[in-house]
Amino acid sequence: MADATLLDGELRLAGRLDARFFALLAAIDGSGSINRAARAAGYSYKGAWLLLETAANLSAAPLLERATGGKGGGGTRLTDAGRALLAAWAGLQRAHTDFLRAQEALLIQQPAIAGLLRRIAMKTTARNQFAGTVRAIEAGPVTTALTLALAGGQEIVATMTTAAAGRLQAAVGKEALALVKSSAVVLVTDFAGYRLSARNQFAGTVSRVERGAVSSLVGLTLPGGAVLTASVTNDAIDALGIAVGQPATAVVKAYSVMVAMQA
């Protein structure tokens, strides 16, 4: 994941003139057609005209002019004032980019903050995401098990093919993310004297129950404050009497844990 994803910011002039508006001006300058420029910039023809008219009405000099006749059959082009505005925007964009890069360089010098931002920048549908460090690797000819030490003091084991572990360049001490889909989490409220074969078992307290039409999202707060979310059918919620404040154990098979590491 590139560090360029750590910091982003939108440049906007007068609260209304953004990159899309200046893309419209640039497209007009290049095509000579408001209709074609509007499509290129993602505006409707009417929407483009309204914005251009508003900008023109507030400008000390016209931004557009009509070119009539000639081989091309006429069209619309930017005036000197319009090109000056477009050039000013380009200069401001360069300065804005330089500013963001400078601030990002300061962030990178703070590893804890930069690491947090990199992890947040990852976009995935897995509801459960935990940052950790590889504590142990059990490599076999076909499968490899990684044990990650999590910030809350827990450990989570992920099993993958040995080839996948090689692609990740997994190594003890390396930072990693453990990803678990909420549907892969099984909640147990009473073991009734039995033991389960699943390697990942996290005891906690139910802190949230969000009931839906068919299933519910149950949040289980673990020691240390981390929250693990499970997707449970409403029938199971009712049968087990799951409610906020109730102790429960989240069980996750090692094969259901995905691991992400920086390239």
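Residues numbered from 1 in each chain as written. Predicted model: local features only at pLDDT ≥ 70, side-chain atom pairs only at ≥ 80, totals over all residues. Heavy atoms only, no water.

1. Some thoughts on the sheet that holds strand 10 (residues 227-233)
Right, on to step 1. Across the sheet, five strands lie side by side as 7-11-8-9-10; this open sheet has antiparallel pairing. The outermost strands of the open sheet, each flanked by one partner alone, are strand 7 (186-188) and strand 10. Strand-to-strand twist of the sheet, defined as the mean angle between neighbouring strand axes without regard to direction, takes the value 45 degrees.
Right, on to step 2. Here strand 8 (residues 200-211) runs beside strand 9 (residues 215-221); their pairing, made up of six bridges, is antiparallel. Among the inter-strand pairings, Thr 205 is bridged to a residue of strand 9, identified as Thr 221. (Pairing = 2+ DSSP bridges. Helix = DSSP H or I, 4+ residues; strand = E, 2+ residues; numbered from the N terminus. Axes fitted to C-alpha atoms, helices over the stretch in contact; angles between N-to-C directions.)

2. Regarding the packing of aromatic side chains
Right, on to step 1. A complete count under the given rule lists three aromatic pairs for this structure.
Right, on to step 2. Taking the centre distance of 4.3 Å and the plane angle of 10 degrees together, the rings of Phe 22 and Trp 89 count as stacked. Taken as a pair, Phe 22 in helix 1 (residues 19-31) and Trp 89 in helix 4 (residues 80-108) lie far apart in primary sequence, 67 residues in all.
Right, on to step 3. The exposure class of Phe 22 is buried, given its relative accessible area of 2%.
Right, on to step 4. Residue classification places Trp 89 among the buried positions, given a relative accessible area of 5%.
Right, on to step 5. Ring plane angle 80 degrees and centroid distance 6.5 Å describe the contact between Tyr 45 and Trp 49, whose orientation is recorded as edge-to-face. Separated by four residues within a single helix, Tyr 45 and Trp 49 lie in helix 3 (residues 45-58), roughly one turn from each other.
Right, on to step 6. An aromatic cluster is present here, built from Phe 21, Phe 22 and Trp 89 joined pairwise through their rings.
Right, on to step 7. In this arrangement the basic side chain of Arg 20 is found over the ring face of Tyr 43, its NZ or CZ atom lying 4.0 Å from the centre. (Phe/Tyr/Trp six-rings, centres within 6.5 Å; stacked < 30°, edge-to-face > 60°. Buried < 20%, exposed > 50% of the residue type's maximum accessible area, 1.4 Å probe, protein only. Lys NZ or Arg CZ within 6 Å of the ring centre and 35° of its normal.)

3. Some remarks on helix 1
Right, on to step 1. The first and last C-alpha atoms of helix 1 sit 18 Å apart over 13 residues, in line with the 18 Å expected at 1.5 Å per residue.
Right, on to step 2. Here helix 1 has its buried residues at Phe 21, Phe 22, Leu 24, Leu 25, Ala 27 and Ile 28.
Right, on to step 3. The inward-facing, buried residues of helix 1 abut helix 2 (34-41), helix 3, strand 1 (64-67), strand 2 (75-78) and helix 4. (Expected span 1.5 Å × (residues − 1). Contact = heavy atoms within 4.5 Å.)

4. Brief notes about the nonpolar core
Right, on to step 1. Counting 31 residues, the largest nonpolar core has Leu 148, Ile 156, Leu 187 and Val 259 as its most contacted members.
Right, on to step 2. With near-sequence residues (within four places) excluded, Ile 156 lies in contact with Leu 146, Thr 147, Leu 148, Leu 150, Ala 178, Val 180, Asn 200, Phe 202 and Val 257.
Right, on to step 3. With 21 residues, the next largest nonpolar core counts Phe 22, Ala 27, Ala 38 and Leu 78 among its residues. (Core = buried A, V, L, I, M, F, W, Y, C linked by side-chain atoms within 4.5 Å.)

5. Overview of the pattern of salt bridges
Right, on to step 1. One pass over the full model with this rule turns up nine salt bridges.
Right, on to step 2. Notably, a salt bridge pairs Arg 12 with Asp 18, separated by 3.8 Å at the nearest N-O pair.
Right, on to step 3. For Arg 12, a relative accessible area of 39% translates into the label partly exposed.
Right, on to step 4. Residue classification places Asp 18 among the buried positions, given a relative accessible area of 15%.
Right, on to step 5. Among the salt bridges present, the one from Arg 199 reaches Glu 138, with a minimum N-O distance of 3.3 Å. In this pair, Arg 199 is assigned in the loop between strand 7 and strand 8 and Glu 138 in strand 3 (residues 128-139), connecting sequence segments 61 residues apart.
Right, on to step 6. For Arg 199, a relative accessible area of 45% puts it in the partly exposed group. (Salt bridge = Lys/Arg side-chain N within 4 Å of Asp/Glu carboxyl O.)

6. Brief notes about the packing of helix 1 against helix 3
Right, on to step 1. Here helix 1 crosses helix 3 at 95 degrees, and the two axes come no closer than 11 Å. In this view, helix 1 runs roughly perpendicular relative to helix 3, as classed from their interaxial angle. Residue-level inspection shows Phe 21, Leu 24, Leu 25 and Ile 28 of helix 1 in contact with helix 3, the latter providing Ala 48, Leu 51, Leu 52 and Ala 55.
Right, on to step 2. Its residues placed into classes, the contact of helix 1 with helix 3 shows eight nonpolar, no polar and no charged. (Parallel < 35°, antiparallel > 145°, perpendicular 65-115°, else oblique. Nonpolar A, V, L, I, M, F, W, Y, C, P; charged D, E, K, R; others polar.)

7. A word on the environment of Ile 108
Right, on to step 1. With respect to the helices and strands, Ile 108 occurs in helix 4.
Right, on to step 2. The exposure class assigned to Ile 108 is partly exposed, which follows from its relative accessible area of 33%.
Right, on to step 3. A C-alpha to C-alpha distance of 16 Å links Ile 108 and Glu 175, two positions 67 residues apart in sequence.

Honestly, that's just the spatial picture; any functional story needs more than this.
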